[in-house]
Amino acid sequence: MARPRIAIVIMAAGKGTRLKSKHPKVLHEVGGKPLLAYVIGAATQVAEPKDVFAIVGHEADRVRQAVSQSGINFVMQKPQKGTGHALMTAREALQPYDHIIVLSGDAPMITPDTIRKLRDFHVSQDPAMTILAAMLADPTGYGRVLRKGQNVQRVVEQRSATSQQLKIREINSGFYGFKVKSLFRHIDKLSTNNPHGEFYLTDMAEILSRSKEHVLSVNVDNPAEILGANSRTELVEIDQRMRTAKCHELMAEGVTIFNPSSCVIDADVLVGSDTVIEPFVQIRGNTHIGSDVRIGSFSVISNCEIGDQVNVQTGCVLEDSHIGNRAGLGPYSHVRPGCEICEEAHVGNFVEMKKTRLGRASKANHLTYLGDSDVGEEVNVGAGTITCNYDGIHKHKTVIEDGVFIGSDSILVAPIRIGKGAYVAAGSCLTDDVPPESLALGRARQVIKESWARQKRAGRAAKKAE
Ligand code: UD1
Ligand code: MG
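Residues numbered from 1 in each chain as written. Chains lettered and ligands numbered in written order. Predicted model: local features only at pLDDT ≥ 70, side-chain atom pairs only at ≥ 80, totals over all residues. Heavy atoms only, no water.

Attention now moves to the pairing of strand β10 (residues 170-179). When you tally the buried positions in β10, you get nine out of 10 residues, the bulk of the element. Relative to β10, strand β6 (residues 99-104) runs antiparallel, the two sharing four bridges. Within β10, the position partnered with I101 by the bridge is G177. (Buried < 20%, exposed > 50% of the residue type's maximum accessible area, 1.4 Å probe, protein only. Helix = DSSP H or I, 4+ residues; strand = E, 2+ residues; numbered from the N terminus. Pairing = 2+ DSSP bridges.)

Right under this line is the structure:
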């Protein structure tokens, strides 16, 4: 027999009324990524993207765009009249397949192994419908599975269940296998005669079993995998579970995380061994951190590449930047997008940088702003240095060549180039390029008025005596 053709269908068209949000439910984030991204990620590990279909509807363009990289197909469900209606709209797209595996776009903890288990059970047993079921200590909110022996007879939704049925702890996870022919032969029998006025996909269990078709269930090994994010409480519960799992995964790979419950580490973050993460740290997005790094408390790092042996002290905010090996940052440094902090460079307290390269072993240690700057190697940028990169209309570049010494409280009005090995006197305001190896002074000459203070005080005393 030829191998059965199998598609995976992800229901993702719903509004998510219970979240009370202007954003579509499946784009709400857990672990730093949209719910739907996880379900697609698991699905595409089991099937080719060309055999994966997401049913979108509410804010369809936004949803599509958010996951367009995945290369999967989309089916439009407009308006959204329930999970059964979602499958009705996909009828044509699914005709070429023998079986479909249906997943819920709001249940992000599903693993490829469980999808394979559902698929293999469904294909080998060959019923019209297989329900992935779970035994929950608290089944509130989920559809309950009603069965006679092996065979499922019905799924009853929470709002339609009798008090006796509400005691059933075996629930419908919202993941199914269907034989395509059987599903679409009977799907038009669904009705909206229920408390939500929707076409429930779950009613297919009763319709199929009454039509003498087989409906079976298979249990998920880990019930946590099927949790759905229907309310804000459920959403943050899932987020918490994912973050705890992420910290444990990193710790198993040799990362020390002190007080992990206070840290927020996104799903795609990578961290090398012997790196230490202090309490209350956030590491977000696509951040990769090397080995032997220390991340100080209250630092927030997003989408950064950080090398080995880097020391990030308390309270740094680092975004979309590269940090080289053995560099040191903080406390309280703000590295904005587009920076490259090279090996052994130092960025100190209250230093802000944007689109700036700070060369190898260069230092900007105190109270400084470097924007649109290219700083060479072994440069010392004194306390309080400011690059004036913006003239009100355009941004301009500052180039500081190797070995330059910038005195404290200097203002560099861009565009400007400070030549190799030059010195800038403290307190200078420079508007012109500085040739290499020279000294630039851009400030008023100091004037001394001897005895001025004594005379002033004497004058004041005489006035008082009058
Ligand atoms: C559903 C099941 C319930 C099960 C639970 C598991 C039904 C009627 N009930 O309830 O038995 O225990 O999942 O999590 O199916 N969607 C569409 N189009 C629509 C409506 C929904 O694509 O018209 C999508 C949603 O975006 C969501 C998924 O289908 O991703 C499930 O819908 P949801 O409203 O969350 O169903 P539940 O109430 O959770
Ligand atoms: Mg749900």
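So much for the structure itself; the text now carries on.
Quick look at the site of ligand 1 now. Surrounding ligand 1, one finds 24 residues, the nearest of these being Q77, G82, T83, E157 and N172. A distance of 2.8 Å is found between an oxygen atom of ligand 1 and a backbone nitrogen or oxygen belonging to G82. Alone, ligand 1 offers 750 Å² of accessible surface; in the complex the protein occludes 91% of this. Comparing atom positions with the cavity grids shows ligand 1 to sit within the largest pocket. Among the secondary structure elements, those contributing two or more residues to the shell around ligand 1 are α3 (83-89) and β10. (Near = heavy atom within 4 Å. Polar contact = N/O pair within 3.5 Å; in protein donor to acceptor, adjacent residues only side chain to side chain. Areas by Shrake-Rupley, 256 points an atom, 1.4 Å probe, with all protein chains shown as cover. 1 Å grid on protein atoms, 1.4 Å probe; cavity = no way out; pocket = protein on both sides within 12 Å on 5 of 7 lines; lining within 4 Å. Sits in = over half its atoms within 2 Å of the grid points.)

Turning our eyes to something else, we now look at a positive patch on the surface. Together, R454, K456, R457, R460 and K464 make up a region of like positive charge exposed at the surface. A relative accessible area of 44% places K456 in the partly exposed class. (Patch = residues over 30% accessible without salt bridge, like charges linked within 9 Å, V, L, I, M, F, W, Y side chains within 5 Å. Salt bridge = Lys/Arg side-chain N within 4 Å of Asp/Glu carboxyl O. Lys, Arg positive; Asp, Glu negative; His and termini not counted. Charge placed at Lys NZ, Arg CZ, Asp CG, Glu CD.)

With that settled, the discussion passes to the domain arrangement of the protein. Partitioning the protein into structural domains gives domain 1 (6-226) and domain 2 (246-440). Here the C-alpha centroids of domain 1 and domain 2 sit 47 Å apart. (Domains from an automatic or database assignment.)

For the pair helix α1 (residues 35-46) and helix α5 (residues 112-125), the least separation of the axes is 8 Å and the interaxial angle reads 55°. Relative to α5, α1 is oriented oblique. Like other packed secondary-structure pairs, α1 and α5 cross with a definite hand, here right-handed. Mapping the contact onto sequence places A42, A43, Q45 and V46 in α1 and P112, I115, R116 and R119 in α5. Classifying every residue of the contact of α1 with α5 gives five nonpolar, one polar and two charged. (Axes fitted to C-alpha atoms, helices over the stretch in contact; angles between N-to-C directions. Parallel < 35°, antiparallel > 145°, perpendicular 65-115°, else oblique. Left-handed = near helix turned anticlockwise from the far one by under 90°. Contact = heavy atoms within 4.5 Å. Nonpolar A, V, L, I, M, F, W, Y, C, P; charged D, E, K, R; others polar.)

Coordination sphere of the magnesium ion (ligand 2), protein contribution only: D106 (OD) and N230 (OD1), at 2.2 Å. Of this pair, D106 sits in the loop between β6 and α5 while N230 sits in the loop between β11 (215-219) and α8 (232-252); the two residues are 124 residues apart in sequence, bridging distant segments of the chain. What makes N230 buried here is its relative accessible area of 15%. (Donors = N, O, S within 2.8 Å, 3.2 Å for Na, K, Ca; no water.)

What the rule picks out here adds up to 26 salt bridges. Notably, a salt bridge pairs D120 with R119, separated by 3.0 Å at the nearest N-O pair. By relative accessible area, which is 41% here, D120 ends up partly exposed. Among the ionic pairs, E206 bridges to R154, the shortest N-O distance being 3.7 Å.

The subject of this paragraph is the packing of aromatic side chains. Inspection of the entire model under this criterion finds five aromatic pairs. Judged by centre distance (5.1 Å) and plane angle (20°), the ring pair of F405 and Y423 falls under stacked. Of the two residues, F405 is situated in strand β34 (residues 405-406) and Y423 in strand β37 (residues 423-424); the sequence distance between them amounts to 18 residues. The partly exposed category is assigned to Y423, whose relative accessible area is 45%. Lying across the ring of Y390, K395 places its NZ or CZ 5.2 Å from the centre. (Phe/Tyr/Trp six-rings, centres within 6.5 Å; stacked < 30°, edge-to-face > 60°. Lys NZ or Arg CZ within 6 Å of the ring centre and 35° of its normal.)

Turning next to a nonpolar patch on the surface. Taken together, the side chains of F405, Y423, L439 and L441 define a hydrophobic patch exposed on the protein surface, amounting to about 410 Å² of accessible area. For L439, the position within the fold is in strand β39 (residues 439-440). Since its relative accessible area comes to 54%, L439 is described here as exposed.

A separate point is the pairing of strand β29 (residues 363-371). Regular strands place side chains that alternate from one sheet face to the opposite one. Bridge count between strand β27 (residues 346-354) and β29: seven bridges; the pairing is parallel. Across the sheet, residue M353 finds its bridge partner in β29, namely L370. Examined bridge by bridge, β29 and strand β31 (residues 380-381) share two bridges and lie parallel to one another. When the bridges of β31 are listed, K363 appears paired with N380.

Let us look at α8. With 21 residues, α8 should cover 30 Å at 1.5 Å per step; its first-to-last C-alpha distance of 30 Å lies within 8% of that length. For α8, every residue scored as buried is listed here: L235, I238, D239, M242, R243, K246, C247 and L250. Contacts made by the buried residues of α8 are with β2 (29-30), α1, β12 (256-257), β13 (264-265), β14 (270-271) and β16 (282-284). Looking one or two places after α8, you find G254, whose phi comes out positive at around 100°. (Expected span 1.5 Å × (residues − 1).)

In this structure, the largest pocket occupies an estimated 1200 Å³ of space. In this structure, the largest pocket is lined by 40 residues; those nearest its centre are R18, K25, T83, D106 and N230. Those elements that provide at least two residues to the lining of the largest pocket are α3 and β10. In terms of residues, the lining of the largest pocket owes the most to one element, β10, which gives four residues. The residue inventory of the lining of the largest pocket, partitioned by class, reads 11 nonpolar, 21 polar and eight charged. Put simply, the second largest pocket is a space of about 430 Å³. Lining the second largest pocket are 20 residues, with Y38, P108, M109, M242 and A267 sitting closest to its centre. (Points joined across faces, edges and corners; volume = space filled by probe spheres on them.)

Glancing now at the environment of V255. Turning to its location among the elements, V255 is positioned in the loop between α8 and β12. A residue is classified by how much of its surface remains accessible, and V255, at 3% relative accessible area, is buried. Taking the C-alpha atoms as reference, V255 lies 37 Å from D120; in sequence the two are 135 residues apart. Residue contacts for V255: discarding those within four places in its chain leaves L250, V271, G272, T275 and I277.

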